[in-house]
Amino acid sequence: GGGVTDALVRGIADAMVSSGMQAVGYQYVNIDDMWQSSRDSSGNIVPNASKFPNGMKALADYVHSKGLKLGLYSDRGTKTCAGVPGSYSYETKDAQSYASWGVDYLKYDNCNAAPGSNIQTDYTNMANALKATGRPIVFSICAWWFYNWGTTIGQLWRTGTDITDTWDKDSHSVIALIDNNGGWSGRYSGASYASPGLAQYAGPGHWNDPDMLEVGNGGMTDTEYRSHFSLWAIMAAPLIAGNDLRNMNAATKEILTNADVIAVDQDPLGVQGKPISTSTTLEVWSKKLSGNQTYAVVLFNRTTASASITVTWASLGITGSSATVRDLWSHTDLGSVATQYTATVPSHGVVMLKVVGD
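Residues numbered from 1 in each chain as written. Predicted model: local features only at pLDDT ≥ 70, side-chain atom pairs only at ≥ 80, totals over all residues. Heavy atoms only, no water.

A closer look at the nonpolar core
In summary, soluble globular proteins display a tendency toward joint burial of nonpolar side chains.
Working step 1: The biggest cluster of nonpolar side chains holds 77 residues, and the ones touching the most others in it are Ile31, Trp35, Tyr98, Phe139, Phe229 and Trp232.
Working step 2: If we skip the residues at most four places from it in the chain, Phe229 touches Tyr26, Leu213, Leu239, Ile255, Leu256, Val261, Ile262 and Trp329.
Working step 3: Residues Val311, Val337, Val345 and Val351 belong to the second largest nonpolar core, which totals 18 residues. (Core = buried A, V, L, I, M, F, W, Y, C linked by side-chain atoms within 4.5 Å. Buried < 20%, exposed > 50% of the residue type's maximum accessible area, 1.4 Å probe, protein only. Contact = heavy atoms within 4.5 Å.)

Pasting the structure below:
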């Protein structure tokens, strides 16, 4: 929030390393709104001097010294959502500033659009300005909805509204964002995407983004946080931790650093998994992984009571009669299993598997 400072960002970068998160693949330390203060007489964006007294290049250099990358935030409008200067009509200047500072990632928001402006044009202008710098800067489109044009100019794009630390309350909750991103009709938002849903747009270098992770922020149970993390991973969603890394409890750290689950998210094939069951309450999700007859599976229980859920090998596309199974949360190899696998799944919980046809 508005409390972001140079010292805080450095502390988070330190914690990214010391917590083990960098070791399992987390790369970017991203600063959101309110790092800016004004523009100088030449129109260049000026960081808030009280929060960032050493400037952004020094901060980027520090983050880079840790083997990490730095992300910044701006907005297509005249002002950001918090009311500091946006990038409208300053796209080239701002992109050049970011590149000169050593920025690696830009989240571009959708508040305070200029009168008469066009959303696609505004986002395209910044995408082109970033490319023109010659520095590789990830472009994260935060337009609060899915637009086809975003898939041609961004590396990731939000598919719904801002997430909150709630399970199933409204259009901002985890369930609502799963529904938007995962292909069901959105119960809260009214979203309805033609088959095969948004999964068709995901692949290496271009990702559907159902927003950041809320794991560890206290509004849900650890069971729900494991489900949250597992569904983001099987949907090949960006894994953007939204908690304070400096004071994680053991359960939060275990979830965010589960290398087995992260490997599903980061699988080089880049396929977005999707639900394959007829049930929309006791669900089976499948994601093709690199390797012959290799799949990730999430058995997902949306109901208020524990329940048995079964995945059959035939439903995954496995042609043989048996498959080797690994449970990715218990880190247990279950050996060769014939025909199908059934698990008892807790309310709001998941069982997550890696299945390889024998």
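A word on helix α7 (residues 222-234)
Working step 1: With 13 residues, α7 extends 18 Å from end C-alpha to end C-alpha; this agrees with the ideal 18 Å at 1.5 Å per step.
Working step 2: Judged by how many residues are buried, α7 sits mostly within the fold: 10 of 13 residues are covered.
Working step 3: All buried positions along α7 are accounted for by Glu224, Tyr225, Ser227, His228, Phe229, Ser230, Leu231, Trp232, Ala233 and Ile234.
Working step 4: Contact partners of the buried residues in α7: α6 (174-182), α8 (250-256), α9 (259-265), β10 (282-288), β11 (294-301) and β16 (350-357).
Working step 5: Among the residues trailing α7, Ala236 stands out with phi positive, at a value near 55°. (Helix = DSSP H or I, 4+ residues; strand = E, 2+ residues; numbered from the N terminus. Expected span 1.5 Å × (residues − 1).)

Some remarks on the sheet that holds strand β14 (residues 332-338)
Working step 1: Across the sheet, which stays open at both edges, the six strands sit in the order β9-β10-β11-β16-β13-β14 with antiparallel pairing between neighbours. Looking along the sheet, the strands with just one partner apiece sit at the ends: β9 (274-275) and β14.
Working step 2: Bridging between strand β13 (residues 322-327) and β16 involves five bridges; their strand directions are antiparallel. Residue pairing for β16: Arg326 is matched across the bridge by Lys354.
Working step 3: Contacting β10, β11 and β16, α7 runs over the sheet at an angle of about 145° to β11. (Pairing = 2+ DSSP bridges. Axes fitted to C-alpha atoms, helices over the stretch in contact; angles between N-to-C directions.)

Observations regarding unusual backbone geometry
Working step 1: Its identity is not glycine, yet Asn112 carries a phi of approximately 55°, on the positive side.
Working step 2: Its relative accessible area of 40% is what places Asn112 among the partly exposed residues.
Working step 3: In this structure, Thr339 is a non-glycine residue whose phi angle is positive, near 70°.
Working step 4: Note that Thr339 resides in the loop between β14 and β15 (340-345).

Considerations on the pairing of strand β12 (residues 307-312)
Working step 1: Alternating residues of β12 divide into Ala307, Ile309 and Val311, all buried, and Ser308, Thr310 and Thr312, none buried.
Working step 2: As judged from the six bridges shared by β12 and β15, these two strands associate in the antiparallel manner. Bridged to Ala307 within β15 is Val345.

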